[in-house]
Amino acid sequence: MDHFARLGLPAALDLDAVALDRAYFALQRQWHPDRFVSRPPDERARASAEAASLNEAYRTLKDPLSRAFYLAGMAGVNLPGDGKTIDDPDLLMEAMEAREALHDAGSLEAIDKLAADARQDIQKALAGLSSLFLANDRTAIRKALLRLRYLDKFAEEARARRMNIDRSNA
Amino acid sequence: MAYSEKLIDHYENPRNIGSFDKTAEDVGTGLVGAPACGDVMKLQIKVGADGLIEDAKFKTFGCGSAIASSSLVTEWVKGKTIDEAETIKNTDIARHLALPPVKIHCSVLAEDAIKAAIADYRAKVTRKAE
(Lines give C-alpha, C1' and ligand atoms only; values in the text may rest on other atoms or scores of the structure.)
Protein backbone atom coordinates (compact mmCIF):
# COMPACT_ATOMS: atom_id res chain seq x y z
CA MET A 1 0.00 0.00 0.00
CA ASP A 2 1.40 3.43 -0.83
CA HIS A 3 1.55 6.18 1.78
CA PHE A 4 -1.37 8.12 0.31
CA ALA A 5 -3.63 5.07 0.22
CA ARG A 6 -2.64 4.20 3.78
CA LEU A 7 -3.95 7.56 4.92
CA GLY A 8 -6.99 7.41 2.63
CA LEU A 9 -5.89 10.49 0.71
CA PRO A 10 -5.65 11.18 -3.04
CA ALA A 11 -2.11 10.78 -4.40
CA ALA A 12 -1.36 14.38 -5.29
CA LEU A 13 1.24 16.99 -4.44
CA ASP A 14 -1.40 19.44 -3.23
CA LEU A 15 -2.49 17.93 0.03
CA ASP A 16 -4.84 19.41 2.59
CA ALA A 17 -2.64 19.61 5.70
CA VAL A 18 -5.67 19.48 8.03
CA ALA A 19 -7.05 16.40 6.29
CA LEU A 20 -3.63 14.75 6.55
CA ASP A 21 -3.39 15.42 10.30
CA ARG A 22 -6.95 14.26 10.87
CA ALA A 23 -6.46 11.00 8.95
CA TYR A 24 -3.17 10.33 10.71
CA PHE A 25 -4.40 10.89 14.24
CA ALA A 26 -7.55 8.80 13.68
CA LEU A 27 -5.53 5.85 12.34
CA GLN A 28 -2.89 6.29 15.00
CA ARG A 29 -5.55 5.84 17.68
CA GLN A 30 -6.92 2.80 15.84
CA TRP A 31 -3.52 1.04 15.80
CA HIS A 32 -2.14 2.28 19.09
CA PRO A 33 -0.24 -0.52 20.92
CA ASP A 34 -2.11 0.25 24.16
CA ARG A 35 -5.29 -1.06 22.59
CA PHE A 36 -3.67 -4.38 21.79
CA VAL A 37 -1.95 -5.26 25.09
CA SER A 38 -4.42 -8.01 25.91
CA ARG A 39 -4.73 -9.27 22.32
CA PRO A 40 -3.00 -12.38 20.88
CA PRO A 41 0.63 -11.93 19.74
CA ASP A 42 -0.16 -11.97 15.99
CA GLU A 43 -2.64 -9.12 16.41
CA ARG A 44 -0.17 -7.21 18.55
CA ALA A 45 2.51 -7.68 15.89
CA ARG A 46 0.13 -6.53 13.15
CA ALA A 47 -0.83 -3.41 15.12
CA SER A 48 2.77 -2.47 15.74
CA ALA A 49 3.63 -2.97 12.04
CA GLU A 50 0.64 -0.85 11.01
CA ALA A 51 1.60 1.88 13.47
CA ALA A 52 5.17 1.96 12.14
CA SER A 53 4.02 2.16 8.49
CA LEU A 54 1.56 4.85 9.44
CA ASN A 55 4.26 6.96 11.09
CA GLU A 56 6.48 6.60 8.06
CA ALA A 57 3.65 7.57 5.72
CA TYR A 58 2.87 10.64 7.79
CA ARG A 59 6.50 11.72 8.03
CA THR A 60 6.94 11.35 4.28
CA LEU A 61 3.79 13.19 3.28
CA LYS A 62 3.84 15.97 5.86
CA ASP A 63 6.81 17.80 4.33
CA PRO A 64 6.02 19.11 0.81
CA LEU A 65 9.51 18.40 -0.50
CA SER A 66 9.65 14.82 0.72
CA ARG A 67 6.06 14.38 -0.52
CA ALA A 68 7.17 15.56 -3.97
CA PHE A 69 10.08 13.09 -4.04
CA TYR A 70 7.83 10.25 -2.92
CA LEU A 71 5.22 11.09 -5.53
CA ALA A 72 7.94 11.25 -8.19
CA GLY A 73 9.00 7.73 -7.20
CA MET A 74 5.40 6.56 -7.63
CA ALA A 75 5.25 8.25 -11.04
CA GLY A 76 8.40 6.39 -12.13
CA VAL A 77 10.64 9.46 -12.28
CA ASN A 78 14.24 8.33 -12.35
CA LEU A 79 16.27 10.35 -9.84
CA PRO A 80 20.01 9.95 -9.27
CA GLY A 81 20.62 8.15 -5.99
CA ASP A 82 23.65 8.15 -3.70
CA GLY A 83 26.93 8.37 -5.52
CA LYS A 84 25.39 9.39 -8.83
CA THR A 85 26.58 12.62 -10.37
CA ILE A 86 24.97 15.08 -12.75
CA ASP A 87 26.49 17.65 -15.12
CA ASP A 88 23.52 19.91 -15.88
CA PRO A 89 25.47 23.18 -16.35
CA ASP A 90 22.60 25.63 -15.71
CA LEU A 91 21.54 24.00 -12.46
CA LEU A 92 25.09 23.54 -11.19
CA MET A 93 26.10 27.07 -12.12
CA GLU A 94 23.09 28.39 -10.19
CA ALA A 95 23.97 26.19 -7.20
CA MET A 96 27.64 27.21 -7.32
CA GLU A 97 26.86 30.94 -7.54
CA ALA A 98 24.34 30.70 -4.70
CA ARG A 99 26.86 28.94 -2.45
CA GLU A 100 29.54 31.49 -3.33
CA ALA A 101 27.17 34.34 -2.44
CA LEU A 102 26.40 32.65 0.89
CA HIS A 103 30.09 32.15 1.54
CA ASP A 104 30.74 35.85 0.86
CA ALA A 105 27.77 37.12 2.88
CA GLY A 106 29.27 38.84 5.89
CA SER A 107 26.25 39.92 7.93
CA LEU A 108 23.17 38.28 9.38
CA GLU A 109 21.03 40.57 7.22
CA ALA A 110 22.79 39.45 4.05
CA ILE A 111 22.40 35.77 5.00
CA ASP A 112 18.74 36.22 5.92
CA LYS A 113 18.10 37.88 2.57
CA LEU A 114 19.68 34.94 0.70
CA ALA A 115 17.76 32.43 2.82
CA ALA A 116 14.48 34.29 2.21
CA ASP A 117 15.16 34.29 -1.54
CA ALA A 118 15.84 30.55 -1.44
CA ARG A 119 12.64 29.87 0.48
CA GLN A 120 10.72 31.88 -2.11
CA ASP A 121 12.37 29.90 -4.92
CA ILE A 122 11.41 26.67 -3.17
CA GLN A 123 7.77 27.79 -2.88
CA LYS A 124 7.70 28.80 -6.53
CA ALA A 125 9.26 25.55 -7.68
CA LEU A 126 6.81 23.51 -5.58
CA ALA A 127 3.89 25.50 -6.98
CA GLY A 128 5.11 24.78 -10.51
CA LEU A 129 5.49 21.07 -9.73
CA SER A 130 1.78 20.45 -9.23
CA SER A 131 0.93 21.00 -12.87
CA LEU A 132 3.95 18.95 -13.98
CA PHE A 133 2.65 16.01 -11.93
CA LEU A 134 -0.83 16.43 -13.40
CA ALA A 135 0.70 16.38 -16.89
CA ASN A 136 2.97 13.48 -15.83
CA ASP A 137 5.92 15.25 -17.48
CA ARG A 138 8.70 13.06 -16.02
CA THR A 139 11.61 14.95 -17.57
CA ALA A 140 10.41 18.28 -16.22
CA ILE A 141 9.58 16.76 -12.81
CA ARG A 142 13.10 15.34 -12.58
CA LYS A 143 14.66 18.68 -13.48
CA ALA A 144 12.51 20.56 -10.98
CA LEU A 145 13.22 18.07 -8.19
CA LEU A 146 16.98 18.20 -8.71
CA ARG A 147 16.80 21.98 -8.46
CA LEU A 148 14.70 21.66 -5.30
CA ARG A 149 17.35 19.39 -3.77
CA TYR A 150 19.95 22.08 -4.29
CA LEU A 151 17.67 24.86 -3.03
CA ASP A 152 16.86 22.82 0.07
CA LYS A 153 20.54 22.16 0.68
CA PHE A 154 21.21 25.86 0.27
CA ALA A 155 18.54 26.74 2.85
CA GLU A 156 20.12 24.23 5.25
CA GLU A 157 23.59 25.70 4.72
CA ALA A 158 22.21 29.22 5.25
CA ARG A 159 20.75 28.13 8.60
CA ALA A 160 24.08 26.61 9.62
CA ARG A 161 25.97 29.73 8.59
CA ARG A 162 23.55 31.90 10.53
CA MET A 163 24.06 29.84 13.68
CA ASN A 164 27.82 30.08 13.36
CA ILE A 165 27.69 33.86 13.06
CA ASP A 166 25.27 34.10 15.97
CA ARG A 167 27.58 32.00 18.09
CA SER A 168 30.69 34.00 17.24
CA ASN A 169 28.85 37.25 18.09
CA ALA A 170 27.64 35.95 21.44
CA MET B 1 34.26 7.73 12.26
CA ALA B 2 38.03 7.98 12.03
CA TYR B 3 39.42 9.93 9.10
CA SER B 4 42.90 9.47 7.73
CA GLU B 5 45.63 12.06 8.28
CA LYS B 6 45.89 12.68 4.54
CA LEU B 7 42.18 13.39 4.31
CA ILE B 8 42.25 15.78 7.24
CA ASP B 9 45.32 17.52 5.83
CA HIS B 10 43.64 18.14 2.45
CA TYR B 11 40.47 19.27 4.18
CA GLU B 12 42.20 21.66 6.57
CA ASN B 13 44.79 22.90 4.07
CA PRO B 14 43.12 22.50 0.70
CA ARG B 15 45.48 22.99 -2.25
CA ASN B 16 44.69 25.06 -5.30
CA ILE B 17 41.42 26.65 -4.30
CA GLY B 18 40.28 29.22 -6.81
CA SER B 19 39.18 29.80 -10.38
CA PHE B 20 40.57 30.42 -13.84
CA ASP B 21 38.77 32.36 -16.56
CA LYS B 22 36.55 29.63 -17.94
CA THR B 23 36.43 31.30 -21.36
CA ALA B 24 40.23 31.16 -21.79
CA GLU B 25 41.34 28.84 -24.59
CA ASP B 26 43.89 27.01 -22.46
CA VAL B 27 41.43 26.34 -19.63
CA GLY B 28 39.14 23.34 -19.30
CA THR B 29 36.29 23.51 -16.76
CA GLY B 30 34.38 20.63 -15.23
CA LEU B 31 31.27 21.35 -13.21
CA VAL B 32 29.59 18.35 -11.59
CA GLY B 33 27.19 17.75 -8.74
CA ALA B 34 25.88 14.99 -6.52
CA PRO B 35 22.24 15.91 -6.02
CA ALA B 36 21.62 13.28 -3.34
CA CYS B 37 23.83 15.24 -0.95
CA GLY B 38 23.62 18.69 -2.59
CA ASP B 39 27.34 18.85 -3.37
CA VAL B 40 28.68 20.92 -6.23
CA MET B 41 32.26 20.80 -7.50
CA LYS B 42 34.13 22.89 -10.06
CA LEU B 43 37.52 21.69 -11.24
CA GLN B 44 39.63 23.55 -13.79
CA ILE B 45 42.83 22.73 -15.63
CA LYS B 46 45.19 25.06 -17.43
CA VAL B 47 47.08 23.35 -20.22
CA GLY B 48 50.48 24.64 -21.41
CA ALA B 49 51.74 24.83 -25.01
CA ASP B 50 53.66 21.59 -24.38
CA GLY B 51 50.40 19.75 -23.70
CA LEU B 52 51.08 19.37 -19.98
CA ILE B 53 48.66 20.52 -17.31
CA GLU B 54 50.56 23.42 -15.79
CA ASP B 55 48.01 24.42 -13.16
CA ALA B 56 44.70 23.30 -11.68
CA LYS B 57 42.12 24.93 -9.43
CA PHE B 58 38.98 23.82 -7.69
CA LYS B 59 36.02 25.11 -5.82
CA THR B 60 33.85 22.63 -3.95
CA PHE B 61 30.81 23.11 -1.79
CA GLY B 62 30.24 19.84 -0.02
CA CYS B 63 31.49 17.68 2.80
CA GLY B 64 35.10 17.36 3.91
CA SER B 65 35.67 14.24 1.81
CA ALA B 66 34.48 16.02 -1.34
CA ILE B 67 36.81 18.95 -0.63
CA ALA B 68 39.75 16.64 0.08
CA SER B 69 39.07 14.57 -3.06
CA SER B 70 39.04 17.60 -5.35
CA SER B 71 42.08 19.12 -3.63
CA LEU B 72 44.01 15.88 -4.13
CA VAL B 73 43.06 15.65 -7.82
CA THR B 74 44.30 19.18 -8.54
CA GLU B 75 47.66 18.16 -7.03
CA TRP B 76 47.82 14.91 -8.96
CA VAL B 77 47.06 16.33 -12.41
CA LYS B 78 49.71 19.04 -12.38
CA GLY B 79 52.57 18.16 -14.75
CA LYS B 80 50.58 15.37 -16.38
CA THR B 81 49.33 15.21 -19.96
CA ILE B 82 45.56 15.29 -20.30
CA ASP B 83 45.64 11.66 -21.43
CA GLU B 84 47.44 10.71 -18.22
CA ALA B 85 45.11 12.84 -16.10
CA GLU B 86 42.15 11.11 -17.67
CA THR B 87 43.24 7.77 -16.25
CA ILE B 88 42.77 8.89 -12.64
CA LYS B 89 40.22 6.61 -11.04
CA ASN B 90 37.98 7.30 -8.12
CA THR B 91 39.32 4.14 -6.48
CA ASP B 92 42.84 5.68 -6.49
CA ILE B 93 41.50 8.81 -4.80
CA ALA B 94 39.49 6.80 -2.26
CA ARG B 95 42.48 4.59 -1.46
CA HIS B 96 44.92 7.48 -1.09
CA LEU B 97 42.62 9.36 1.29
CA ALA B 98 41.37 6.16 2.94
CA LEU B 99 37.79 7.33 2.44
CA PRO B 100 35.23 5.44 4.50
CA PRO B 101 32.74 3.45 2.38
CA VAL B 102 29.92 5.97 2.88
CA LYS B 103 32.15 8.67 1.36
CA ILE B 104 33.25 6.81 -1.76
CA HIS B 105 30.80 8.88 -3.82
CA CYS B 106 32.90 11.98 -3.09
CA SER B 107 35.79 10.44 -4.99
CA VAL B 108 33.41 9.59 -7.85
CA LEU B 109 32.50 13.26 -7.98
CA ALA B 110 36.18 14.24 -8.24
CA GLU B 111 36.83 11.70 -11.02
CA ASP B 112 33.81 12.95 -12.96
CA ALA B 113 34.96 16.56 -12.46
CA ILE B 114 38.44 16.00 -13.92
CA LYS B 115 36.95 14.04 -16.82
CA ALA B 116 34.48 16.86 -17.49
CA ALA B 117 37.29 19.45 -17.37
CA ILE B 118 39.32 17.43 -19.89
CA ALA B 119 36.28 17.02 -22.17
CA ASP B 120 35.68 20.78 -22.02
CA TYR B 121 39.33 21.50 -22.89
CA ARG B 122 39.29 19.03 -25.79
CA ALA B 123 36.08 20.55 -27.15
CA LYS B 124 37.76 23.96 -27.13
CA VAL B 125 40.80 22.63 -29.00
CA THR B 126 38.57 20.98 -31.60
CA ARG B 127 36.54 24.15 -32.08
CA LYS B 128 39.72 26.15 -32.53
CA ALA B 129 41.05 23.72 -35.14
CA GLU B 130 37.88 23.91 -37.22
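How each quantity is defined
Residues numbered from 1 in each chain as written. Chains lettered and ligands numbered in written order. Predicted model: local features only at pLDDT ≥ 70, side-chain atom pairs only at ≥ 80, totals over all residues. Heavy atoms only, no water. Buried < 20%, exposed > 50% of the residue type's maximum accessible area, 1.4 Å probe, protein only. Helix = DSSP H or I, 4+ residues; strand = E, 2+ residues; numbered from the N terminus. Pairing = 2+ DSSP bridges. pLDDT = per-residue confidence, 0-100. Contact = heavy atoms within 4.5 Å. Buried area = accessible area lost by both parts, 1.4 Å probe. Salt bridge = Lys/Arg side-chain N within 4 Å of Asp/Glu carboxyl O. Polar contact = N/O pair within 3.5 Å; in protein donor to acceptor, adjacent residues only side chain to side chain. Nonpolar A, V, L, I, M, F, W, Y, C, P; charged D, E, K, R; others polar. Phe/Tyr/Trp six-rings, centres within 6.5 Å; stacked < 30°, edge-to-face > 60°. Lys NZ or Arg CZ within 6 Å of the ring centre and 35° of its normal.

(A) Representation of the pairing of strand E2 (residues 39-47) of chain B within the structure. Residue and element names in this part refer to chain B. Counting buried positions along E2 gives 8 out of 9 residues, so the element sits mostly inside the fold. Both strand E1 (residues 27-34) and E2 contribute to a ladder of 8 bridges, which runs antiparallel. By the bridge assignment, Ala34 is partnered in E2 with Asp39. In this structure, the hairpin formed by E1 and E2 is closed by a connection of 4 residues, where Gly38 is found at a positive phi of approximately 75°.

(B) The arrangement of the pairing of E1(B) in detail. The buried count for E1(B) comes to 8 of 8 residues, which makes it a mostly enclosed element. Every second residue of E1(B) is oriented toward a common face, with B:Val27, B:Thr29, B:Leu31 and B:Gly33 on one face and B:Gly28, B:Gly30, B:Val32 and B:Ala34 on the other, all of them buried.

(C) Representation of the confidence of the model for chain A within the structure. Here chain A shows a mean pLDDT of 93. Residues at 70 or above account for 99%. The secondary-structure element of chain A with the lowest mean pLDDT is helix H7 (residues 138-169) of chain A, recorded at 91, while helix H1 (residues 3-6) of chain A shows the highest, at 97.

(D) Region of interest: the interface of chain A and chain B. The interface of chain A with chain B comprises 20 residues on the first partner and 20 residues on the second. Note on chain A versus chain B: buried area summed over both sides is about 1,600 Å², and carbon and sulfur give 68% of it. If you sort the residues of chain A by the area they bury against chain B, A:Thr85, A:Met96 and A:Tyr150 come out on top, with a joint share of 33%. Applying the counting rule to chain A against chain B returns 1 salt bridge. Between A:Glu100 and B:Lys59 there is a salt bridge, and its shortest N-O distance comes to 3.0 Å. Taken together, the connections running from chain A to chain B amount to 5 residue pairs in polar contact (both at pLDDT 80 or more). The greatest single-element share of the side of chain A that touches chain B, amounting to 8 residues, is contributed by helix H5 (residues 89-104) of chain A. Split by residue class, the side of chain A that touches chain B holds 9 nonpolar, 4 polar and 7 charged.

(E) Molecular detail of the packing of aromatic side chains. Under the definition given, this model contains 5 aromatic pairs over all chains. Centre to centre, the rings of A:Phe25 and A:Tyr58 are 6.3 Å apart; their planes meet at 55°, and the pair counts as tilted. One end of the pair, A:Phe25, is in helix H2 (residues 17-30); the other, A:Tyr58, is in helix H3 (residues 41-62), with 33 residues separating them in the sequence. When its relative accessible area of 40% is taken as the criterion, A:Phe25 is described as partly exposed. An aromatic cluster is defined as three or more aromatic residues linked by ring pairs; in this entry it consists of A:Tyr24, A:Phe25 and A:Tyr58. Sitting over the ring of A:Phe69, A:Arg149 keeps its end group 4.1 Å from the ring centre. Lying across the ring of B:Phe20, B:Lys46 places its NZ or CZ 5.2 Å from the centre.

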